[in-house]
Amino acid sequence: MKKLEVDPLNIHKISFWGQEPTLVLEHFTKNLKDFFELCPNINEFFTSTNGMANTDKIIDFLKTFDNLTKKHSFICIQFSYDGDYSTDNVRRANSKVVYNNLKYLIETLNTIYFNNITIALNIHGVISNELINHFNNKYKEIE
């Protein structure tokens, strides 16, 4: 941060994007206390996941964040879910696994009392060229 000439007190948000951030989430969770000491004004966190695994890592991160933050914070976790065709064929994920993991996460979070965080779970779908072509072909079959 010194090289970037950034005042750590001006940092309020952290975002993890790219590839699959939950694969390394436990490392961030383990060092979260250091992040809060370095940047004590952090009160927002954003990330995206394919939803295929690591649901317990997300829960552990949320609990740790809630315990360490000194102010009310907002956390948004975006799940990529494009429906069966796109998830299974384009992203090479398994839409049933994504659905079940998201369901498990919601059910588990509903049993935990959080003092300092508000959690938003977003479901993000992407319409790919393959999906458009799939629908166009289905449309042609109907004509």
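So, how was this worked out
- Residues numbered from 1 in each chain as written.
- Predicted model: local features only at pLDDT ≥ 70, side-chain atom pairs only at ≥ 80, totals over all residues.
- Heavy atoms only, no water.
- Core = buried A, V, L, I, M, F, W, Y, C linked by side-chain atoms within 4.5 Å.
- Buried < 20%, exposed > 50% of the residue type's maximum accessible area, 1.4 Å probe, protein only.
- Helix = DSSP H or I, 4+ residues; strand = E, 2+ residues; numbered from the N terminus.
- Contact = heavy atoms within 4.5 Å.
- Salt bridge = Lys/Arg side-chain N within 4 Å of Asp/Glu carboxyl O.
- Pairing = 2+ DSSP bridges.
- Axes fitted to C-alpha atoms, helices over the stretch in contact; angles between N-to-C directions.
- Expected span 1.5 Å × (residues − 1).
- Arc of directions from axis to C-beta.
- Parallel < 35°, antiparallel > 145°, perpendicular 65-115°, else oblique.
- Left-handed = near helix turned anticlockwise from the far one by under 90°.
- Nonpolar A, V, L, I, M, F, W, Y, C, P; charged D, E, K, R; others polar.

Novice: Even after reading the chapter, I still don't get the nonpolar core, so can you show me in this structure?
Specialist: The tendency in soluble globular proteins is for nonpolar side chains to be buried side by side. Counting residues in each nonpolar core, the largest one holds 22 residues, and the members touching the most others are I42, F45, I58, F61, L62, F65 and I75. Sorting elements by how many residues they give to this core places helix α3 (residues 55-68) first, with 5 residues. Apart from residues lying up to four places away in sequence, I75 is in contact with F45, F61, L62, F65, I117, T118, I119 and A120.

Novice: Can you help me understand the pattern of salt bridges in this one?
Specialist: Charged atoms that come close allow side chains of opposite charge to pair. Tallied over the full model, the rule gives 3 salt bridges. Residues K57 and E26 are paired through a salt bridge, measuring 2.9 Å at the closest nitrogen-oxygen approach. One end of the pair, K57, is in helix α3; the other, E26, is in helix α1 (residues 25-30), with 31 residues separating them in the sequence. We classify K57 as partly exposed; its relative accessible area is 25%. Assessed through its relative accessible area of 30%, E26 is described here as partly exposed. A salt bridge links K103 to E107, with the nearest nitrogen and oxygen atoms 3.8 Å apart. With K103 and E107 both in helix α5 (residues 95-109), this residue pair falls 4 residues apart, about one helical turn.

Novice: How should the sheet that holds strand β1 (residues 13-16) be read in this particular structure?
Specialist: Backbone hydrogen bonds are what pair the strands of a sheet, in a parallel or an antiparallel way. Taken in spatial order, the 4 strands of this open sheet run β1-β2-β3-β4, and their pairing is parallel. Unpaired on one side and paired on the other, β1 and β4 (117-124) mark the two borders of the sheet. Mean inter-strand twist for the sheet, computed between neighbouring axes without regard to direction, equals 10 degrees. This element, α3, spans β2 (44-49), β3 (73-80) and β4 of the sheet and lies at about 170 degrees to β3.

Novice: Explanation requested: α5 in the structure shown.
Specialist: The periodicity of an α-helix, 3.6 residues per turn, causes residues three or four positions apart to be oriented the same way. Helix length check: α5, at 15 residues, gives a terminal C-alpha distance of 21 Å against a target of 21 Å (1.5 Å per residue), a fit within 8%. When we look at burial in α5, the residues that qualify are S95, V98, N101, L102, L105, T108 and L109. Seen from one end, α5 has its buried residues packed into an arc of 165 degrees, which puts them on one side. Seen from the open side of α5, the exposed residues pointing more than 90 degrees away from its buried face are K96 and Y99.

Novice: I tried to follow the packing of α3 against α5 on my own but got confused; where do I start?
Specialist: For any two helices packed against each other, the geometry comes down to the angle between their axes and how far apart the axes lie. Across the interface, α3 lies against α5 with an axial gap of 10 Å and an inter-helix angle of 30 degrees. On the basis of their axis angle, the class for α3 and α5 is roughly parallel. Judged by the sense of rotation from one axis to the other, the crossing of α3 with α5 is right-handed. Residues T55, D56, I58, I59 and L62 of α3 pack against N101, Y104, L105, T108 and L109 of α5. Split into classes, the residues belonging to the contact of α3 with α5 amount to 6 nonpolar, 3 polar and 1 charged.

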